[in-house]
Amino acid sequence: MDDIVAGIVKAFELLFSGDESTWTAVLATVKVSTCSMLLSIGAGLPCGFLLGYYEFRGKQHLRTVLDTMLALPTVFIGLVVFAFISNQGPLGDFKLLFSLTGIAIGQTILAFPIVTAITATTIEAVDPLFKLTLVSLGAGKRNIIATCLWEVRYGILAGAVTAYGRVLTEVGISMMVGGNIKWHTRTVTTAIALETGKGEFANGIALGIILITLAFAVNLSLSLLRRQ
Amino acid sequence: MTAVYQLKNIRHFYNDRKVLNIDDLTIEKGSITGLVGPNGSGKSTLLKLLIFAERPSLGEIYFRGKIELPFSKAIRSKVTLLTQKPYLLKRTVYDNIAYGLNIRKDKNDVIRRIKTALSKVGLDFERFAPRKWHELSGGEAQRVAMAARLVLEPDVLLLDEPVASVDMESAKLIRNATLKACEEWGTTLVIASHDLQWLFSISDTQIFIFNGKIFPTGVENIITGPFETHNGNQFIKKLSDGQFLVLPEGGKGKTAALIKKKNISIDQDKKQLNNGFNQCEGTITSMFFEKKKERISANIGLNDLSFTLNFSPDQISRLDLQPGKKIILTFKIDHMEWM
């Protein structure tokens, strides 16, 4: 119990004293998670739309693969990305190993199926009268796509928040691909793992509270956006 | 009159099931066409083809003399459909009505036109325009959906059971707005409805649909199964009061048969007839006047079945027909057609 109380006190100390190593980790976390979210939304939204809106041969098989990808362990993604971007890997020349870009690639792979699957499910749930109504109001194909995405914006937002939560809290990819290098690729989650390993529970709890605050801030701002 | 629609050799399938089978159908410009038929007969599917939301599996649809396809510019915003259950976009009433105009990039006097469209369906602009889609009752939502169509001043207005799930006041307002569109802009109306009294009082033509097949002669009489075999090749339909109808050969695997109005005669009493006739007693359940055709439609109940026949006002007086009266229906077995 003492450790928990000490952790909470320490969290405020670390945040408000402007502890540089803590803020670097926070900044790295925000950077990579934002970057991976933008990439996964950019790719997942159109893929999810296509999957949810159109009927085509093999759609069910594709959904099964996508649903399986929802359960991908982060260490496995980390391992695959590591294999690709390490010096011996096919993308070794890009020098992405132990970089924030490398972590962002791995986290994009983690978030992509979540954004795609939730977008597809949301689109599939659109009222069958939606398209007929829009056609009867003179909408063309582009109007229908744009209006459809706008109509299901809250569902897509929920998908993005779910994916962000997963990205923000993952350790496996950041540890394997980023290497937990202080001042460089250390994120809040890898820092928690390190502090706990060192027996510094208070520091670990402090960083955990920071992580939860970050997630809360993101959810709060999205919730406010939704209310508007 | 010129044809606004011509349907040629239309065959439409959902998976392998044929849902429409129309050899030839013409709808004249400015006319009011009533679509009548039981649920699942193909009315909504026909309307979906007329709005060009779907392309027929086989055959062509000509719109103003040209073959048109879904999303073609010639039909967008000119043909519009109001469904039984309205779908409103998740935005305000104003934005819902303005949607069609925005698509057309028509920014001319939008507020006044939306006000006019709302007033046509009895909704006050100040009160309703800022309301969100979920702040409306079912009847109000249907009226907003109607206003969203009326603001487009469409050439063709298709209505699929427009007042089936709204209150009487909303139904009256929607009906009036429909007729006003026809008067004001010469809009061609195609209306599918079970409200035969309303439909028959306003429509120039009634088309009966059953199992995807159309009968341009208006409502015809359907005898639905189950049927039992009779005398080897014939079939019979037993009614719950002990009466039965004999049906011709060729009904194996069929689920319904049709007898056209023109082939049915009515009498006060039963006559001695040979075996080639069906003769059964029915009760007049309702009658209504078809204003445009100056004739009276009577619904006659035969236990589980309902027949519709047309009479001139003279015939009604002569035969002293009125609801509740029992009459004898007579028709040849050979005049019955398997569906």
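As shown above, the structure is provided for reference.
(A) Spatial organisation of the overall build of chain A. Along its length, chain A carries 11 helices and zero strands. Along the three orthogonal principal directions, the C-alpha set of chain A runs to about 65 × 45 × 25 Å. Among the 228 residues that make up chain A, the fraction classed as buried is 44%. Considering only residue pairs separated by 6 or more positions, chain A has 73% of its internal contacts joining residues 24 or more positions apart. For chain A, the exposed area adds up to about 11800 Å²; of that, 69% sits on carbon and sulfur atoms. Placing the 16 positive and 14 negative side-chain charges of chain A at their respective mean positions leaves the two points 11 Å apart.

(B) Spatial organisation of the overall build of chain B. Across its full length, chain B carries eight helices and 21 strands. The principal-axis extents of the C-alpha atoms in chain B amount to approximately 75 × 45 × 40 Å. The burial tally for chain B puts 52% of its 339 residues in the buried class. Taking contacts inside chain B between residues at least 6 apart in sequence as the whole, the part at least 24 apart equals 67%. For chain B, the accessible area works out to roughly 15900 Å², and carbon and sulfur atoms hold 47% of it.

(C) Up close: the sheet that holds strand S15 (residues 256–259) of chain B. Residue and element names in this part refer to chain B. As summarised here, the arrangement of the three strands in space is S11-S15-S21, forming an open sheet in which the pairing is antiparallel. Both edges of this open sheet fall to strand S11 (221–224) and strand S21 (337–338), since each of them pairs with a single strand only. Pairing analysis gives four bridges linking S11 to S15, with the strands arranged antiparallel. Directly across from Thr224, in S15, lies its bridge partner Ala256.

(D) Fine view of helix H5 (residues 138–150) of chain B. All names here are of chain B. Its 13 residues give H5 an end-to-end C-alpha distance of 18 Å, which sits within 8% of 18 Å, the value for a rise of 1.5 Å per residue. With 12 of 13 residues buried, H5 lies mostly within the body of the structure. Within H5, burial applies to Gly139, Glu140, Ala141, Gln142, Arg143, Val144, Ala145, Met146, Ala147, Ala148, Arg149 and Leu150.

(E) Highlighting the pairing of strand S1 (residues 3–14) of chain B. Residue and element names in this part refer to chain B. Here S1 pairs with strand S2 (residues 17–28) via 10 bridges, running antiparallel. Paired with Phe13 across the bridge in S2 is Lys18. Taking the residues between adjacent antiparallel strands as the criterion, S1 and S2 are bridged by two residues, where Asn15 takes a positive phi near 55°.

(F) Region of the structure containing a nonpolar patch on the surface. The grouping of Met1, Ile4, Val5, Ile8, Val9, Phe12 and Phe16 of chain A at the surface amounts to a nonpolar patch, some 750 Å² of accessible area in total. Inspection of the secondary structure assignment puts Phe16 of chain A in helix H1 (residues 2–16).

(G) Region of interest: the interface of chain A and chain B. Each partner contributes to the interface: chain A provides 20 residues, whereas chain B provides 23 residues. Both sides of the chain A and chain B interface together cover about 2000 Å² of buried area, and 63% of this is carbon and sulfur. Three residues, Leu132, Leu137 and Glu151 of chain A, lead the burial of chain A against chain B; their summed loss comes to 32% of the area buried on that side. Our count for the contact surface shared by chain A and chain B stands at three salt bridges.

(H) Up close: the side chain of Lys261 of chain B. Looking at the element boundaries, Lys261 of chain B is found in the loop between S15 and strand S16 (265–267). Discounting residues that sit within four places of it in the chain, Lys261 of chain B has contacts with Thr217, Gly218, Val219, Glu220, Asn221, Thr308, Leu309 and Asn310 of chain B.

(I) How the structure looks around unusual backbone geometry. Residues and elements named next belong to chain B. Not every positive phi belongs to a glycine, and Phe71 is a case in point at roughly 70°. Within the fold, Phe71 resides in the loop between strand S5 (66–67) and strand S6 (79–82). Residues other than glycine seldom take positive phi values, yet Lys105 does so here, at roughly 60°. Inspection of the secondary structure assignment puts Lys105 in the loop between helix H2 (93–104) and helix H3 (110–120). The exposure class of Lys105 is exposed, given its relative accessible area of 68%.

(J) Expanded view of the nonpolar core. By size, the foremost hydrophobic cluster in this structure holds 97 residues, and its most contacted members are Tyr5, Leu7, Leu46, Leu50, Ile97, Met146 and Leu158 of chain B. If you tally residues by element for this core, the top one is H5 of chain B, at seven residues. In this view, Leu158 of chain B contacts Tyr5, Leu47, Leu50, Ile51, Val79, Thr80, Leu81, Leu82 and Val190 of chain B; residues no more than four positions away in its chain are not counted. Core analysis: the second largest hydrophobic core is formed by 30 residues, Ile103, Ala160, Tyr164 and Val188 of chain A among them.

(K) Main features of the pattern of salt bridges. Enumeration over the complete set of coordinates arrives at 19 salt bridges over all chains. Between Glu140 of chain B and Arg131 of chain B there is a salt bridge, and its shortest N-O distance comes to 3.8 Å. For Glu140 of chain B, a relative accessible area of 16% translates into the label buried. The salt bridge partner of Glu337 of chain B is Lys260 of chain B, with a shortest N-O separation of 3.9 Å. Of this pair, Glu337 of chain B sits in strand S21 while Lys260 of chain B sits in the loop between S15 and S16, and the two are 77 residues apart along the sequence. Residue Glu337 of chain B is classed as partly exposed on the basis of its relative accessible area, which comes to 31%. Linked by salt bridges that have partners in common, Glu55, Lys59, Arg63 and Glu124 of chain A make up one network.

(L) The arrangement of the packing of H5 of chain B against helix H6 (residues 168–185) of chain B in detail. Residue and element names in this part refer to chain B. As a packed pair, H5 and H6 sit with axes 10 Å apart at the nearest point and diverge in direction by 10°. By the criterion of interaxial angle, the relationship of H5 to H6 is roughly parallel. In this structure, H5 uses Gly139, Gln142, Arg143, Met146 and Leu150 to contact H6, whose residues at the interface are Ser170, Leu173, Ile174, Ala177, Thr178, Ala181 and Trp185. Considered class by class, the residues forming the contact of H5 with H6 number seven nonpolar, four polar and one charged.

The rules behind the values
Residues numbered from 1 in each chain as written. Chains lettered and ligands numbered in written order. Predicted model: local features only at pLDDT ≥ 70, side-chain atom pairs only at ≥ 80, totals over all residues. Heavy atoms only, no water. Helix = DSSP H or I, 4+ residues; strand = E, 2+ residues; numbered from the N terminus. Buried < 20%, exposed > 50% of the residue type's maximum accessible area, 1.4 Å probe, protein only. Contact = heavy atoms within 4.5 Å. Areas by Shrake-Rupley, 256 points an atom, 1.4 Å probe, with all protein chains shown as cover. Lys, Arg positive; Asp, Glu negative; His and termini not counted. Charge placed at Lys NZ, Arg CZ, Asp CG, Glu CD. Pairing = 2+ DSSP bridges. Expected span 1.5 Å × (residues − 1). Patch = residues over 30% accessible without salt bridge, like charges linked within 9 Å, V, L, I, M, F, W, Y side chains within 5 Å. Salt bridge = Lys/Arg side-chain N within 4 Å of Asp/Glu carboxyl O. Buried area = accessible area lost by both parts, 1.4 Å probe. Core = buried A, V, L, I, M, F, W, Y, C linked by side-chain atoms within 4.5 Å. Axes fitted to C-alpha atoms, helices over the stretch in contact; angles between N-to-C directions. Parallel < 35°, antiparallel > 145°, perpendicular 65-115°, else oblique. Nonpolar A, V, L, I, M, F, W, Y, C, P; charged D, E, K, R; others polar.

Interpretation in functional terms is not warranted from these geometric data alone.
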